[in-house]
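These are the residues of each chain, in order.
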Amino acid sequence: MSRPETDILNSLSAELCQQVKDHVDQTLLEFIRPNSTSQFAQRAPELENFRQAIAQSGSKDDIDFLRGFREFIPTTNYEPYRPFIAKFFATPCKEADVKNMFAPGLPYFFAMSSMTSGGEPKTFPRYRPPPYLLKHRLYLVLPPSEGTTLSPSSLKYQQVLKIESEDGQSSKDVTVCSLSVGFLRMEKNWDVEHDKDRLDLWVPGQTDPYAISLVNSYRAYFVLNALFALADRRVTIIRFFFANVFVNFLQYVEDEWPLLVDCIEKGIIPDVEDLGHLRAPLEKHFPPNPLRAAELREIGPPGIQGWAVRVWPDLIEFIGITGGPAAASVPKVTHILGPSVHIQSSGYGGSECSVAPPYHKGNPNTDFKVLFGDGVTEFLDVHSGEPSERVLSAWELVTGGHYEPVLTTRNGLWRYRLGDVVAVKGFDPDDGLPIINYLHRRDGSLGLAFGITCTESQLTNAIVSVVERCIGQIVDFTIVGDERETPITYGYLVEVVGEIGKDARMVTQQTFEDLMAANHEYRVAFWQGRSRKPTIRLVEKGTFSEYRRQKSEKANVSIGQVKVPVVLSDPTFKEWLLKRVIMEL
């Protein structure tokens, strides 16, 4: 029987404190020793003091080596790594120039950061981990299931880097793609070169045949995933990276319901875009199923509470990120799933490092347990008054404190600042590791002309807390600077599903009141006339689905990699979104 949530420790005993120290030191040494000989560690100016300290003390003593790391490695951002990463994108790219760049050997793939801003996505090298870690839950893309899993997985990639071998006779392909695509390819040993040789493959336990993962069209990808998922009543787990992408998926199911059911009855692959050579292998896996079609017709399209359990009677779990910008879609997701389906997050981390899986002895939606597998996480106190922020280890954290994670990874990042803010909820009583809650981006506020900043979490909570009872069910939202009047204010752009609630006109006032209660600076600025109430405008149906499609196709990455930002800074997409406004509340 699992421990109740109240068993989370507020502080560490001396014994657990030492246990965490030993665990951190052992894990750090496992990869900073080999990574210290990498090209980056030997050449980056930021690591010069560390190199000198190790040279003077000798590198054989573990205590001295760790002391050198903690005293002389500064926190870093992406800029020191950029010129070293650029060498992989050079043409030609020779193995001798990039081997052991950040860690021993060559990367297996490059992971692209989620594209929430208007700039180019960052790329991070990901090396193949030791064999014992490949099956660790930090790396598994497909959750184990006794039935089948609805987990749309694209193998789409942005580009393939050719690294010429030292003998000059061969080359190695390194894919630039999303983290989930890279992990899936690494787990299954699916190289890009032989993608077309696997067209007839259907991985046991998945609703989608392999060929769907190669579909380029956004609409075709969702429609085909819906087709095969609806045809299979044995689904026990639904997994989408973001909960709001599942809502987009449901929109396609609703819009194409008659077509999908007819195709299931007759065993037909619909004419969605030009599938080319992918049509034949899909048809091979899709026989007529009139009994299932009749069952689906009786249930009807998504709408009623618990619809998903009627379609998939064995469904027990939904896995997906439900915090941050995805929080707005949670009421819609829970309505469709019904009360019997357990919901949990997929974990906390990013392209840089997998940091923390869900903590199942707490709230698996919001509580994450920091693990030291893909890297070691240290922390900066965001409320520290020290002139230079001191890096804290896991055993130095205080329950209730707000911290920015700092990552040192197997893949060659050294004290890399993640830019998030997390709160420490406590410590696992079994091993003393921190339990954290994600709050918001550290720089994720919209700094308006009146000089105040509300955090992402405050802006999200303000709209989510009132929307279900006043507007209806939110599909997605984002915030732009509304400059139509002075002073500038927060301009919410919201997409809802279904009819707009009768109390919709109250949302602006209640959102304003929530922001006033949550942020002292905003409150003061309002009373001084330097700010005004936020504005809320509704956009037409399908707006954020189309936003994801455009971002996905522009960067040539899988749809699951595209996040809708809480605060939108891209002027091009701001202009595009404003053209889709249909109503102001």
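It should be emphasised that the depicted structure is a prediction, and the values quoted were computed from it without experimental measurement. (Residues numbered from 1 in each chain as written. Predicted model: local features only at pLDDT ≥ 70, side-chain atom pairs only at ≥ 80, totals over all residues. Heavy atoms only, no water.)

1. Remarks on a nonpolar patch on the surface
No. 1: A cluster of nonpolar side chains, I500, I582 and M583, forms an exposed patch at the surface whose accessible area comes to about 240 Å².
No. 2: The topology assignment puts I500 in the loop between β20 (489-497) and α17 (507-518). (Patch = residues over 30% accessible without salt bridge, like charges linked within 9 Å, V, L, I, M, F, W, Y side chains within 5 Å. Areas by Shrake-Rupley, 256 points an atom, 1.4 Å probe, with all protein chains shown as cover. Salt bridge = Lys/Arg side-chain N within 4 Å of Asp/Glu carboxyl O. Helix = DSSP H or I, 4+ residues; strand = E, 2+ residues; numbered from the N terminus.)

2. What about the pattern of salt bridges?
No. 1: For the coordinates displayed, the defined rule picks out 39 salt bridges.
No. 2: Residue D195 is joined to R198 by a salt bridge in which the shortest nitrogen-to-oxygen separation is 2.8 Å.
No. 3: Judged by relative accessible area, D195 falls into the buried class, the value being 6%.
No. 4: The structure contains a network of salt bridges with shared partners spanning D482, R484, R532, R537 and E584. (Buried < 20%, exposed > 50% of the residue type's maximum accessible area, 1.4 Å probe, protein only.)

3. Focus: the nonpolar core
No. 1: Ranked by internal contacts, the top residues of the largest apolar core, which has 136 residues, are L230, I238, W307, W312, F318, L337 and W414.
No. 2: When near neighbours in sequence (up to four residues on either side) are disregarded, I238 contacts L150, F246, W312, L315, E317, F318, I319 and L337. (Core = buried A, V, L, I, M, F, W, Y, C linked by side-chain atoms within 4.5 Å. Contact = heavy atoms within 4.5 Å.)

4. Description of the sheet that holds strand β7 (residues 235-242)
No. 1: Ordered in space as β4-β7-β8-β9, the four strands form an open sheet in which the pairing is parallel. Where the open sheet ends on each side, the last strands, each with one partner, are β4 (148-150) and β9 (342-344). This sheet shows a mean twist of 20° between the axes of neighbouring strands, independent of strand direction.
No. 2: Both β4 and β7 contribute to a ladder of three bridges, which runs parallel. Paired with T149 across the bridge in β7 is I237.
No. 3: Along the sheet, helix α10 (residues 243-255) makes contact with β4, β7 and β8 (317-321), crossing β7 at roughly 115°. (Pairing = 2+ DSSP bridges. Axes fitted to C-alpha atoms, helices over the stretch in contact; angles between N-to-C directions.)

5. Things to note about the environment of N216
No. 1: Within the secondary structure layout, N216 lies in the loop between α8 (179-188) and α9 (218-231).
No. 2: Judged by relative accessible area, N216 falls into the exposed class, the value being 54%.
No. 3: Distance in space between the C-alpha atoms of N216 and S154 is 8.9 Å, their sequence separation being 62 residues.

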